[in-house]
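Remarks on the overall topology
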Amino acid sequence: MSLQGKVAVVTGGGSGMGADIARKLVNSGAKVVINGRNSKKLSDVAKDIDPEGNNIACISGDIGKHETRQNIIDTALSSFNGLDILVNNAGIFFPKPFLEHTESDLEQYLNVLRGYFFLTQLAVKNMLNNRHSAIINIGSMWSLQGIAATPNSAAATAKGGVHALTRNLAIEFAHKNIRVNAIAPAVVETPLYDPIMTRQQLSTFKSFHPLGRNGVTNDISRAVLFLADEDSSGWITGVILPVDGGVTAGRH
């Protein structure tokens, strides 16, 4: 793999998909900066992945804020002398019917989108002179198709923006060998769902996926590693990759 010695940033790294992505990147030889809002969760994840702390650093804070974004990039440069891979993974999720959404709801989703946009801007400025770089955005299956049972207009709107950003940046920076792709997951069993349903309730979504199970963090992190690795996916850019158990393949 071509991840040995690479420097990566992973947002939303304090649990779930982000923590697993960070672990697999470090295990593949990369050095990683993880970000999240909860400093203790970040510290616990970092110590679990790399007890010596040589290959991982933590920056807590809201990526919707400039100072957090700048701190993330500055840490990658000062601690590991570069930046090759950005994984925009931070997210929130609270589905509601469209008529029940408030301006505050939408603003929370757009704050995450703002973070993706401007953190990527800072990252790209530091990738322009690299031989190869990769940006992987976490989008959403719900932005590819609506599901009547799970009304999700606010989240789908923001993640649809992530998909559009992915394609535009892929074209704009292809000549600089900065590849930009996105992953669109369906239901993945992570702590993201804990505030809105029990694990037993979450298990009822298995039949929603044609392959008969919910996703797990490994499904997403393996896809991220594939898209980050120049040797594996060096001729792929601008793709929105559904990792969704077959949901978007057709009616089920």
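Because the structure is predicted, anything quoted here is derived from the model rather than measured.

**Focus on the nonpolar core**
Grouped together as the largest cluster of nonpolar side chains are 60 residues, with contacts concentrated most on Leu-25, Val-32, Ile-34, Ile-136 and Ile-183. The dominant element in this core, judged by the number of residues it contributes, is helix 4 (residues 103-125), at seven residues. For Leu-25, the residues in contact, after removing those within four places along its chain, are Leu-3, Ala-8, Val-10, Ala-30, Val-32 and Leu-225. Grouped together as the second largest cluster of nonpolar side chains are eleven residues, Trp-142, Ile-147, Tyr-193 and Val-247 included.

**Comments concerning the packing of aromatic side chains**
Counted under the stated rule, the structure contains five aromatic pairs. Between Phe-93 and Tyr-193, the aromatic rings sit 5.3 Å apart at their centres with planes inclined by 65°, giving edge-to-face as the arrangement. Separated by 100 residues along the polypeptide, Phe-93 in the loop between strand 4 (85-88) and helix 4 and Tyr-193 in the loop between strand 6 (178-185) and helix 6 (199-203) bring together distant segments of the chain. According to the relative accessible area criterion, Tyr-193 is buried, its value standing at 6%. With a centroid separation of 4.9 Å and 65° between ring planes, the pair formed by Phe-117 and Phe-118 is classed as edge-to-face. Take Phe-117: its relative accessible area is 40%, and that puts it in the partly exposed class.

**Re the pattern of salt bridges**
One side chain can pair with another of opposite charge once the charged atoms of both are near each other. Tallying each qualifying case throughout the model produces nine salt bridges. The partner of Asp-219 in a salt bridge is Arg-213, and the shortest N-O contact between them spans 2.9 Å. Here Arg-213 falls in the partly exposed class, since its relative accessible area comes to 42%.

**Comments concerning helix 5 (residues 153-172)**
Taking 1.5 Å per residue as the helical rise, helix 5 with its 20 residues ought to reach 28 Å, and the 28 Å between its terminal C-alpha atoms agrees with that figure. Along helix 5, the residues classified as buried are Ala-154, Ala-155, Ala-156, Ala-158, Lys-159, Val-162, His-163, Leu-165, Thr-166, Leu-169 and Ala-170. Check the buried side of helix 5 and you find it contacts helix 4, strand 5 (133-138), strand 6 and strand 7 (240-243).

**Digging into the side chain of Asp-84**
Its location among the elements puts Asp-84 in the loop between helix 3 (66-80) and strand 4. With no salt bridge to any partner, buried Asp-84 finds its closest opposite charge in Lys-6, at an N-O distance of 4.5 Å. If we skip the residues at most four places from it in the chain, Asp-84 touches Gly-5, Lys-6, Val-7, Met-127, Asn-130, His-132, Ser-133 and Ala-134.

**Observations regarding unusual backbone geometry**
Leave glycine aside and you will find that most residues have negative phi; peptide bonds, for their part, are mostly trans. Positive phi outside glycine occurs at Asn-81, with the angle close to 65°. Looking at where Asn-81 falls in the secondary structure, it is placed in the loop between helix 3 and strand 4. Its identity is not glycine, yet Asn-177 carries a phi of approximately 60°, on the positive side. Structurally, Asn-177 is set in the loop between helix 5 and strand 6. Look at Asn-177 and you get partly exposed, because its relative accessible area is 39%.

**A few points about the pairing of strand 4**
Along strand 4, one buried face is formed by Ile-85 and Val-87 and the opposite face, lined by Leu-86 and Asn-88, is buried too. With three bridges joining them, strand 1 (residues 7-11) and strand 4 adopt parallel strand pairing. Bridged to Val-10 within strand 4 is Val-87. Here four bridges tie strand 4 to strand 5, and the two strands are oriented parallel to one another. Paired with Asn-88 across the bridge in strand 5 is Asn-137. Crossover handedness for the path strand 4 to helix 4 to strand 5: right-handed.

**What about the sheet that holds strand 4?**
A sheet is described by the order of its strands in space; here seven strands give the open sequence 3-2-1-4-5-6-7, paired in parallel fashion. The two strands at the open ends of the sheet, each matched to only one other strand, are strand 3 (56-60) and strand 7. Shown here is a sheet whose adjacent strand axes are inclined to one another by a mean of 15°, direction ignored. Where helix 7 (residues 217-228) meets the sheet, it contacts strand 4, strand 5, strand 6 and strand 7, and its direction lies at approximately 165° from that of strand 6.

**Concerning the environment of Leu-225**
Turning to its location among the elements, Leu-225 is positioned in helix 7. On the basis of relative accessible area, Leu-225 is assigned to the buried category, the value being 3%. It is 9.9 Å that separates the C-alpha atoms of Leu-225 and Ser-2, two residues lying 223 residues apart in sequence.

Quick notes on the rules
- The residue numbers shown here count from 1 along each chain, following its written sequence.
- Given that this is a predicted model, residues contribute local features only at a pLDDT of at least 70 and side-chain atom pairs are listed and counted only at 80 or more, while totals for whole chains, interfaces and linings are drawn from all residues.
- Computation of side-chain values covers all heavy atoms of the structure but excludes hydrogens and water.
- As used in this record, nonpolar core signifies buried Ala, Val, Leu, Ile, Met, Phe, Trp, Tyr and Cys residues forming a set joined through side-chain atoms within 4.5 Å.
- Buried residues are those whose accessible area, probed at 1.4 Å on protein chains only, stays under 20% of the maximum for their type, while exposed residues exceed 50% and partly exposed ones sit between those limits.
- The helix and strand labels rest on DSSP assignments: H or I over at least four residues marks a helix, E over at least two residues marks a strand, and numbering proceeds from the N terminus.
- The criterion used for residue contact is that any of the two residues' heavy atoms lie within 4.5 Å.
- Note on ring pairs: Phe, Tyr and Trp rings are taken, using the six-membered ring of Trp, and paired if centres are within 6.5 Å. Classes follow the plane angle, with under 30 degrees stacked, over 60 edge-to-face and the rest tilted.
- When a carboxyl oxygen of Asp or Glu lies within 4 Å of a side-chain nitrogen of Lys or Arg, that pair is called a salt bridge.
- Helix span is expected to be 1.5 Å times the residue number reduced by one.
- This count recognises Lys and Arg as positive and Asp and Glu as negative, with His and chain-terminal groups excluded.
- Should DSSP find at least two bridges between two strands, the strands are taken to pair.
- Orient the strands so they point away from the viewer; a crossover is then right-handed if the path from the first strand over the helix to the second runs clockwise.
- Note on definitions: angles span 0 to 180 degrees between N-to-C directions of axes, and those axes are lines fitted to C-alpha atoms, for helices only across the stretch in contact.

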